[in-house]
Amino acid sequence: LMIGGFGLIIYGGPLALMITVFVVQVKCFAEIINIGYAVYKMDNLPWFRSLSWYFLVASNYFFYGESLVEQFGVLINNVDFLPFLVRYHRLISFSMYIIGFVWFVLSLVKKYYLRQFSLFAWTHVALLCVVTQSYLIIQNMFQGLIWLIMPVMMVIINDIMAYVFGFFMGRTPLIKLSPKKTWEGFIGGGLATVVMSLGLAYFMCQVPYLICPIEYSAELERMTMSCEPSALFRPQEYGLPDTVTTWRRILGMKETVTFYPFFVHCFFMSLFASIIGPFGGFFASGFKRAFKIKDFGDLIPGHGGIMDRFDCQFLMATFVNVYIHSFINIPTPGKLLQQVFMLRPDEQLELF
């Protein structure tokens, strides 16, 4: 049911995905903050709950503003009052944070100093874990839906297959934080994730809707998701070592192999999802054990809260964003033109 719902959201396009990410982010933040209030028993203090939500608003203004400026710069500059917000976006964001900071200091109550500062830190850790990762998820999405969908599916596949292998073959405990996790499930789930991710990538690489970067077209005055597939998503021929080539020639096979270059990146991402991804879940398990709670929430019957389902997804999204900027960083003529159009008219003339 959840996978079907995710498919429906993908069909709804980038806007539906952005709204979904925002809703998930707000719910995860609420679940983490509510645990803090329960642990530190601060319900009797005025303003603190309001302050936490204010910092969430300020953080979202900054991060979503950064995304809008980067992706919709041309459109924003055509609206009279928006260029002012763009030029001073970071100043406005910093001013919003400073207002919250001063508000917090003025709300301090003598006998609750330690608890208040603890919750202040708690709020900022929640913002770092949830809001920052949500921003990175959206950044990944604008590179092409495949960079959002594949990591999400890798984590889901790994979770399911680790459970299946652990259920039927599990004998050796993996980690004390999660007693039900086994080495058999960890290894079997990891291998299955790599194989199934490559199979899924084969089909996704053939769908332009999924592989094209999401860009704003000044000519069409709307977002576009159509493009000539980059070399990353076109089959390429690769040579093999001489020994392998000789054996393939003897067996009557082609001396070269053909596959999508994206498969290489998919392989490394699936390795991360299989080896490091589960540690997001272990971290969440340790967090819940530290505060003696079973789940982050009870929104999903039998599965806990939203944060219980997204503990690994946030870690995976961060890795994919770092990976894109380190090894992909897809440049396009549209992005270059968008940067040019964001300049003042006199600055544009200097380029010509």
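Throughout, residues of each chain are indexed from 1 in the direction in which the sequence is written. Since the coordinates come from a predicted model, pLDDT governs what is reported: local features require at least 70, and pairs of side-chain atoms require 80 or more to be given and counted, while whole-chain, interface and lining totals use all residues. Hydrogens and waters are ignored; side-chain quantities use all the structure's heavy atoms.

Let's shift gears to the packing of aromatic side chains. Here the aromatic set is Phe, Tyr and Trp, taking the six-membered ring for Trp, and pairing holds for ring centres within 6.5 Å; pairs whose planes are under 30 degrees apart are stacked, those over 60 apart are edge-to-face, and all others are tilted. Using the criterion set out here, one finds 27 aromatic pairs in the structure. With centroids separated by 6.2 Å and ring planes inclined at 65°, the aromatic side chains of Tyr-54 and Phe-55 adopt a geometry described as edge-to-face. When sorted by exposure, Tyr-54 lands in the same class as Phe-55, which is buried. Of the aromatic side chains, those joined through ring pairs into one cluster are Tyr-54, Phe-55, Tyr-97, Trp-103, Phe-104, Phe-117 and Phe-120. Accessible area is worked out with a 1.4 Å probe on protein chains only. A residue is then buried under 20% of its type maximum, exposed over 50%, and partly exposed in between.

Here we come to the packing of helix H13 (residues 278-290) against helix H14 (residues 306-328). Axis geometry follows a simple rule: fit a line to the C-alpha atoms, using only the stretch in contact for helices, then measure angles between N-to-C directions, giving values from 0 to 180 degrees. A helix here means a DSSP run of H or I that spans at least four residues, while a strand means a run of E at least two residues long, and both kinds are numbered starting from the N terminus. Contact geometry for H13 and H14: axes closest at 7 Å, N-to-C directions at 130°. In this view, H13 runs oblique relative to H14, as classed from their interaxial angle. Remark: the crossing between H13 and H14 carries right-handed chirality. Taken together, the residues of H14 that come into contact with H13 (itself represented by Pro-278, Gly-280, Gly-281, Ala-284 and Lys-288) are Asp-308, Asp-311, Cys-312 and Leu-315. Angle categories are assigned with fixed cut-offs, so that under 35 degrees is roughly parallel, over 145 is roughly antiparallel, 65 to 115 is roughly perpendicular, and the rest are oblique. Crossing handedness is defined as follows: a turn of the near helix away from the far one that is anticlockwise and smaller than a right angle gives a left-handed crossing, while the clockwise case is right-handed. Here, residues are in contact when the closest pair of their heavy atoms is within 4.5 Å.

What follows concerns the pairing of strand E2 (residues 178-182). Sheet topology note: the strand E1 (residues 173-175)/E2 ladder contains two bridges and is antiparallel. Its bridge partner lying in E2, Pro-173 is registered against Thr-182. Following E1, the chain reverses through two residues before pairing antiparallel with E2. A pair of strands is treated as paired once DSSP finds two or more bridges between them.

Further remarks concern the confidence of the model for the protein chain. Across the protein chain, pLDDT averages 84, with 85% of residues at or above 70. Residue-level confidence of the predictor is summarised by pLDDT, bounded by 0 at the bottom and 100 at the top. Summarising per-element confidence for the protein chain, the mean pLDDT is lowest in helix H4 (residues 73-77) (60) and highest in helix H12 (residues 262-275) (96).

What follows is about the side chain of Ser-274. With respect to the element layout, Ser-274 can be found in helix H12. Take Ser-274: its relative accessible area is 3%, and that puts it in the buried class. A 3.5 Å cut-off defines polar contacts: any pair of N or O atoms within that distance qualifies, except that in protein one atom must be a possible hydrogen donor and the other a possible acceptor, and neighbouring residues in sequence count only when both atoms are side-chain atoms. Within the structure, the side chain of Ser-274 is placed 2.7 Å from the backbone oxygen of Ser-270, a separation counted as a polar contact. When neighbours within four sequence positions are excluded, Ser-274 is seen to be in contact with Asn-158, Phe-186, Gly-190, Thr-193 and Val-194.

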